[in-house]
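Fold and geometry: a report
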Amino acid sequence: MAEQQEIQLWQTVEPVEFIPRIKDQSESQSLLIQTRQAVGYSVAGGQLAHAIQARATHMLLDYTKAACAIRYQVDGAWEQLPSMERELADAMLVALKQLCLMNATDRRSTQSGKLGLKVVKEKFSLSLQSRGTPTGEQVMARIEPDKVPFQRMADLGMRDKMYAQFKESLDAHGNNILITAPKSEGLTTTWNIAMEAADKLVRDFQSFEHQDNPEPEIIYINPNFFGGDTEKDLPSVVKSAILKEPDVLIFPELPDPASMKLAVEQIKKTDKQVYSRMVAPSALHGLVKYLAKYRESAAEIVSSIGAVLGQRLVRRLCDECKEGFEPSPQLLKQLGIPAGRVAMLYRPFVPPPIEQQVDENGRPAPIEPCQACNGRGYLGRIAIYELLIPGEKLKAALLKTQDINKLTQIAKSEGHRSMQAESVLTVARGLTSLDELKKAFAKR
Ligand SMILES: [Zn+2]
């Protein structure tokens, strides 16, 4: 009797198309024809299509003697999937490694490769990394869409009032703008969207980028390259750019103090602007670190600092299935929300245990998982933003101390809304849950 085979995830979706990263068309074709012969080809195509459909940004394959464990990362959280039998998973990996131009027989060394994927009309880039482990092999696949969907600061979670303030600083004259985020917390996305938001039509934007690390092109922003084989260093590139009298000088990576000094002088002399980007746990931490790095220009920077943006990423509650509840007075007090201000808070829908999923007659009636979020309760991520606009007291204190607690107190006394306060607002707006906040803040 034939064994009843369970349908596996990779069989439930239309497989992806592979686009090898080979310039020569006929070479690329023959690689595809050759790999297509083996069973692993359709397994790989189906598994990746399933991952993309699940909105996974990472797929982790853990090969042990018995099987291959599969995990997806969706909106920054890892999820375990049913594991795949070893033989099939091996075949999939052989196909993937061949398509990524890696050595398929080598299962020990650390290797990496790239491959293009296509689903209907959407294209993705796959980066594959493999390394031998004591029990087998571990493979990380990163999946990125080629086109980042255009978003606005509001889509990322910024409040309208804050956006108006931030935009005003971006479009002002003679100030310094600093955009910060903790490591791997969406700094690049926020930065790019902020650059899109700045009014560039009648102003000249010059950006300074290392040749080996160019920024994505943004219309009306002119890149100036240094390093690599340009044979130019940053200060000389800044000097010649200043001769063109740009309105905004942009540093996607923090420059050396000499270059910053040149840029800051332009703020004072000719009312220009400087935008910089840096990794920092909060707006105030970022500003303190920034001033410490540019001690020689600190007084000028402090007097011209326009706005410092900080952020944290959290998962967004699924609008289709989120569940409202009336917060108790104690909870509101704990969150610092005045009584009567917020009638409803939201949490992810969690189905009752299966034995309680019954109809009015007590017969089993399993609850279908939400189609929008696949029963996760969350869909996508948003940033919680913090916008620091230092007042005179804070400016004076920044030149005297680096004590974050002291500076935080002064900022608060000037009306600055901290990351914690912004987080509570985000929960009150129904965008995320208290559980998710706890998780996001427990990470560090
Ligand atoms: Zn949902």
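Since the structure is predicted, the reported quantities are computational estimates derived from the model, not experimental observations. (Residues numbered from 1 in each chain as written. Predicted model: local features only at pLDDT ≥ 70, side-chain atom pairs only at ≥ 80, totals over all residues.)

**Looking at the overall build of the protein**
From N to C terminus, the protein includes 14 helices and 16 strands. Seen through its C-alpha atoms, the protein measures out along the principal axes to roughly 85 × 65 × 40 Å. Counting all 444 residues of the protein, 34% fall into the buried class. Sequence separation of 24 or more characterises 63% of the internal contacts of the protein that already satisfy a separation of 6 or more. (Helix = DSSP H or I, 4+ residues; strand = E, 2+ residues; numbered from the N terminus. Buried ≥ 20, exposed ≤ 12 C-beta atoms within 10 Å, placed from the backbone. Contact = placed C-beta atoms within 7 Å.)

**Observations regarding the sheet that holds strand β3 (residues 67-74)**
Pairing is antiparallel in the open sheet, where seven strands are placed in the order β1-β5-β6-β7-β2-β3-β4. Among the strands making up the open sheet, the edge pair consists of β1 (17-20) and β4 (77-85). The sheet shows a mean angle of 25° between the axes of neighbouring strands, taken without regard to direction. Pairing of strand β2 (residues 56-63) with β3 involves seven bridges; the strand directions are antiparallel. Of the residues in β3, the one forming a bridge with Asp62 is Ala69. Sitting on the sheet, helix α3 (residues 86-99) touches β1, β2, β3, β4, β5 (111-119), β6 (122-133) and β7 (136-145), and the angle it makes with β4 is about 110°. (Pairing = 2+ DSSP bridges. Axes fitted to C-alpha atoms, helices over the stretch in contact; angles between N-to-C directions.)

**Side note on the sheet that holds strand β8 (residues 176-181)**
Strand pairs in the sheet, formed through backbone hydrogen bonds, run parallel or antiparallel to each other. Pairing is mixed across the open sheet formed by seven strands, whose spatial order is β10-β9-β11-β12-β8-β13-β16. Since the sheet does not close on itself, it has two edges, and those belong to β10 (221-226) and β16 (378-388), each with one partner. The mean inter-strand angle of the sheet, taken between neighbouring strand axes irrespective of direction, is 20°. Both β8 and strand β12 (residues 273-279) contribute to a ladder of six bridges, which runs parallel. Each bridged residue has a counterpart across the sheet, and for Ile177 the counterpart in β12 is Tyr275. This element, helix α7 (residues 257-270), spans β8, β11 (248-251) and β12 of the sheet and lies at about 140° to β12.

**A word on the domain arrangement of the protein**
If you check the domain split of the protein, you get domain 1 (9-145) and domain 2 (160-315 + 380-442). Each of domain 1 and domain 2 has a C-alpha centre, and these two points are 38 Å apart. (Domains from an automatic or database assignment.)

**A closer look at the nonpolar core**
Core analysis: the largest hydrophobic core is formed by 54 residues, its most contacted members being Leu178, Ala194, Leu287, Ala307, Val308, Leu309 and Leu388. In this structure Leu178 touches Ser276, Met278, Gly286, Leu287, Tyr290 and Val308, once residues within four positions along its chain are discounted. Ala49, Val74, Ala95 and Val139 belong to the second largest nonpolar core, which has 35 residues in total. (Core = buried A, V, L, I, M, F, W, Y, C linked by C-beta atoms within 7 Å.)

**Here's the deal with the packing of helix α2 (residues 40-53) against α3**
Two elements in contact, α2 and α3, have axes whose closest approach is 7 Å; the angle formed by their N-to-C orientations is 85°. With respect to their mutual orientation, α2 and α3 come out roughly perpendicular. Touching Gly40, Tyr41, Val43, Ala44 and Gln47 of α2 are Leu88, Ala91, Met92, Val94, Ala95 and Leu96, all from α3. Class assignment for the residues of the contact of α2 with α3 results in nine nonpolar, two polar and no charged. (Parallel < 35°, antiparallel > 145°, perpendicular 65-115°, else oblique. Nonpolar A, V, L, I, M, F, W, Y, C, P; charged D, E, K, R; others polar.)

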